[in-house]
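# Structure at a glance
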Amino acid sequence: MIPEERPDGPGAGEESARLQEAGSVRKGSDPLAQTPRGRPQSRRARVHQQITKELRMRTGAENLYRATSNAWVRETVALELSYVNSSLQLLKEELEELNGSSVEADRPEGEGITVPMIPLGLKETKELDWSTPLKELISGHFGEDSASYEAEIKELGDLRQAIRTPSRSEAGLELLMAYYTQLCFLDARFVAPPGNLGLLFHWYDSLTGVPAQQRALAFEKGSVLFNIGALHTQIGARQDRSCPEGTRRAVEAFQKAAGAFSLLRENFSRAPSPDMSPASLCMLEGLMTAQAQECIFEGLLLPSPEAPQDCRAQLRLAQEAAQVAAEYRQVHRTMTQPPVRDYVPFPWTTLVHVKAEYFCALAHYHAAVALCDSPRECPGPPVLAQALAWRGSRPSLTPAAAEEDSPVLPQAFLGPPATSEARGAVLPQEQEERRNLGKAHLKRSILGQEEALRLHAVCRALRRVDLLHAVLAQALQRSLAKYSELDREDDFLETAEAPDIQPKTQQKPEIRAPSFSRVKVTDIFQRLGPLSVFSAKNHWRLAGPVRVTRGEAGFGLTLRGDAPVLVAAVIPGGPAAAAGLQEGDYIVSLNGQPCKWWRHAEVVAQLKGVGNEGVSLQVVTLLPRAEPPGTGHHRPALGGLLRIQKECGWGTPAPARASPRRFLGWSRKAKRGKTTGRLSPQP
């Protein structure tokens, strides 16, 4: 998302206005256009000036990064680029807020405030000109007039320009998915297995801002797929999680983000940028899963008239909070391991650590509430064991066996014993014993919340997040108040050590891959013909037009398949054989009408209506991969396709066809020691 100083060309102003109305900041637009007067206008001008300054700094750093071969200089420049990229991301978010494109629902104060989430910034890219390589392929390989496809090439360029600044909404996601599907069509039609389009794709790393470039179309696809996941994170972070509907949407968004990163990790290897490396994608997948688990826990905290607030509910909240803490601990371990720790922002690592401590403290707080506030309603050991599962496998118990094993069964909630012989702590039944155990859990809760506040104060970036500090301070005050209620002046006994809370959840987040099939897309270059035949992977030769007359037994051929219809068999000595048709030919024109996209029934119906004068057909024959395209005895070269089309009156484009079923299959091709991924739709 690099702002340009000039419009891209004629009509850029109208396109900018249209995209701004759709909630996107368009590059090349006037910084002061369509903005209210007064202080907001001055702030926008200031932000634009800062963005321009940062872009100039990044351009100079990029030139130095590419020119130098000194390892120390490259490391220093890469660090500087990461700072510049972070500043640009913050400035763009501030600009979107000023333009009203990122207006969030007001969050309620007090009990309704929620912990901030971690959204991921989009990868940025430079402009790209598709016209030269595509026109060369259309005229050279397909034998068509490349000038007649300028509208299609412009449509593809406009689509790529639009995905550079998608809106943070479902419309932005659909835009990215539509472009991704078009890339699959391009890969299937124009890219032969040993080569590429001859274009150089430039993308900036989302975490460090370091530029990366590749000629493989798979790099373009992988970057777009990364942005699909990143946009899901931004949508999830903007949801109002103080209501059930907002919480549900946030869970779905983070699950889909994890699915996009998982799909990218499984099908793309040795990426040129750190944010698309397997280690980074694994970290991002775990981070999004942990944030989805956090949203699930927040949904349980929302007040509901039907939900009981007894001991069982508090025990469930304790285990759910422990599950969230366990997820964040795992993410924090991943972030602190090389090579991820070298480029993950320090505020991310600190915030994940803060959340791990915070939710672990919440687990102990809810355990204390379950023990102290409703001791009469709290289930006994046998019932508690049935309600809460052990960490390992354990056979089901009959009531008699449960009574016999009751002293150890509470450890299903408090954690299993360390060894098979060790008898864990017994869940106390007396009110005084429950109070002491509740105080022990509150003590651990207070210590954990104080540690979270200390970590929050260490990071300068987090200190500016007032909402996070308010959440941590409120939780600490609540634990201190509860501890004061349980503490007595004559209580001189040392508080026992509270056991750990076993993590458990009743709703595990699902990793959901992007559903590309829900976005209906038609191949921009569908006029060239079906992908099964008319692609850069195949060579063919054109025959005709030839006239086939009807004999006593018909035309003497058998047809099969759709779009295009295949000549499955030719009767020797029949009219079709006499006209020169061969088995394996594809019919592309019937009486001067293009029929590449016709179905079998349509071609048969046209042939049945032919009189004694016969029918004029044009066919193409696929050539073996090793045989270069040539001409036969009666078959002109493909270069004469345009002339023949004009003679036969091909004046109308082929009928539109729905996009084929998308299949996200990646293949890997090693070349000169480098590995690149490749996506193509299933034929």
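So, how was this worked out
Counting of residues starts from 1 at the beginning of each chain's written sequence and follows it residue by residue. Residue-level local features of this predicted model are given only where pLDDT is at least 70; pairs of side-chain atoms are given and counted only at 80 or more, and the full residue set underlies all totals for whole chains, interfaces and linings. Side-chain measures were taken over the full set of non-hydrogen atoms in the model, leaving aside hydrogen atoms and water. Runs of H or I in DSSP of at least four residues are treated as helices and runs of E of at least two as strands, each being numbered from the N terminus. Residue burial is assigned from relative accessible area. The probe radius is 1.4 Å, only protein chains are included, and a residue is buried under 20% of its type maximum, exposed over 50%, and partly exposed in between. We call two residues contacting when some pair of their heavy atoms lies within 4.5 Å. Residue exposure ignores everything except the shown protein chains as possible cover, and the areas themselves are Shrake-Rupley values with a 1.4 Å probe. Here, strands pair whenever DSSP counts at least two bridges between them. Residues belong to a common nonpolar core when they are buried Ala, Val, Leu, Ile, Met, Phe, Trp, Tyr or Cys residues joined through side-chain atoms within 4.5 Å. To pair, rings of Phe, Tyr and Trp, with the six-membered ring standing in for Trp, must have centres within 6.5 Å; the planes then decide the type, stacked if under 30 degrees apart, edge-to-face if over 60, and tilted in the middle. Here, over-ring charges are defined by two tests on the NZ atom of lysine or the CZ atom of arginine: distance to the ring centre within 6 Å, and angle to the ring normal within 35 degrees. Each polar contact in these results corresponds to two N or O atoms within 3.5 Å; when the atoms are within protein, one needs to be able to donate a hydrogen and the other to accept it, and residues that are neighboring in sequence are counted only if both atoms are side-chain atoms. The convention used is that axes are lines fitted to C-alpha atoms, helices contributing only their stretch in contact, and that angles between N-to-C directions extend from 0 to 180 degrees. Throughout, a crossing is termed right-handed when the near helix is turned clockwise from the far one, and left-handed when it is turned anticlockwise from it by less than a right angle. Ten residue types, Ala, Val, Leu, Ile, Met, Phe, Trp, Tyr, Cys and Pro, are classed as nonpolar, four, Asp, Glu, Lys and Arg, as charged, and the remainder, Gly among them, as polar.

So, on to the overall build of the chain. A count of helices and strands for the chain gives 20 helices and ten strands. For the chain, the proportion of its 683 residues judged to be buried stands at 52%. Across the chain, contacts joining residues at least 24 apart in sequence account for 77% of those joining residues at least 6 apart. On the chain, roughly 32,500 Å² of surface is accessible, and the fraction owed to carbon and sulfur atoms is 51%.

Glancing now at the pairing of strand S3 (residues 539-548). Of all ten residues that make up S3, seven are buried, and the element is covered over most of its length. Alignment of S3 against strand S8 (residues 615-623), held across eight bridges, turns out to be antiparallel. Within S8, the residue paired with histidine 539 across the bridge is leucine 623.

Counting residues in hydrophobic clusters, the biggest one holds 113 residues, and the most contacted among them are Trp130, Phe190, Tyr358 and Phe525. With 21 residues, the next largest nonpolar core counts Phe555, Ala579, Leu590 and Leu617 among its residues.

Right, let's talk about the environment of leucine 217 for a bit. The residue leucine 217 is located in helix H7 (residues 217-237) in this model. Judged by its relative accessible area of 6%, leucine 217 falls in the buried class.

In this structure, proline 339 follows proline 338 across a cis peptide bond, with omega equal to 5°. Within the element layout of this structure, proline 339 appears in the loop between helix H10 (311-335) and helix H11 (346-372). The omega torsion of the bond from alanine 563 to proline 564 falls at -5°, within 30 degrees of zero and hence cis. Relative to the assigned elements, proline 564 resides in the loop between strand S4 (557-560) and strand S5 (565-570). In this structure, alanine 563 is a non-glycine residue whose phi angle is positive, near 40°. Of note in the backbone geometry, asparagine 591 takes a positive phi value of approximately 55° without being a glycine. Looking at the secondary structure, you find asparagine 591 in the loop between strand S6 (586-590) and strand S7 (593-594). The partly exposed category is assigned to asparagine 591, whose relative accessible area is 38%.

A word on the packing of aromatic side chains. Counted by the stated rule, this structure contains ten aromatic pairs. Aromatic side chains tyrosine 180 and phenylalanine 516 sit 4.6 Å apart centroid to centroid with 25° between the ring planes, which places their arrangement in the stacked category. Placement of the pair is tyrosine 180 in helix H6 (residues 170-190) and phenylalanine 516 in the loop between helix H17 (466-486) and S3, with a sequence separation of 336 residues. Grouping residues by exposure puts tyrosine 180 and phenylalanine 516 together as buried. Relative to phenylalanine 525, the ring of phenylalanine 190 has its centre 5.2 Å away and its plane inclined at 85°; by these criteria the two rings are edge-to-face. Placement of the pair is phenylalanine 190 in helix H6 and phenylalanine 525 in the loop between H17 and S3, with a sequence separation of 335 residues. In this structure, phenylalanine 190 and phenylalanine 525 share a single accessibility class: buried. Members of the aromatic cluster, connected to one another through ring pairs, are Phe142, Phe190, Phe525, Phe534 and Trp540. The ring of tyrosine 65 is capped by arginine 74, whose NZ or CZ atom sits 4.1 Å from the centre of that ring.

Its location among the elements puts arginine 164 in the loop between helix H5 (150-163) and H6. A distance of 3.1 Å separates a polar atom in the side chain of arginine 164 from the backbone oxygen of threonine 125. Within the local environment of arginine 164, its side chain forms a polar contact with the side chain of glutamine 161, the two groups lying 3.3 Å apart.

So, on to the packing of helix H9 (residues 278-301) against H11. The contact between H9 and H11 brings their axes to 13 Å, and the two run at 35°. Relative to H11, the crossing made by H9 is left-handed. Between H9 and H11, the contacting residues are Leu284, Leu287, Gln291, Glu294, Phe297 and Leu301 on the first element and Trp348, Val352, Lys355, Phe359, Leu362 and His366 on the second. The residue inventory of the contact of H9 with H11, partitioned by class, reads eight nonpolar, two polar and two charged.

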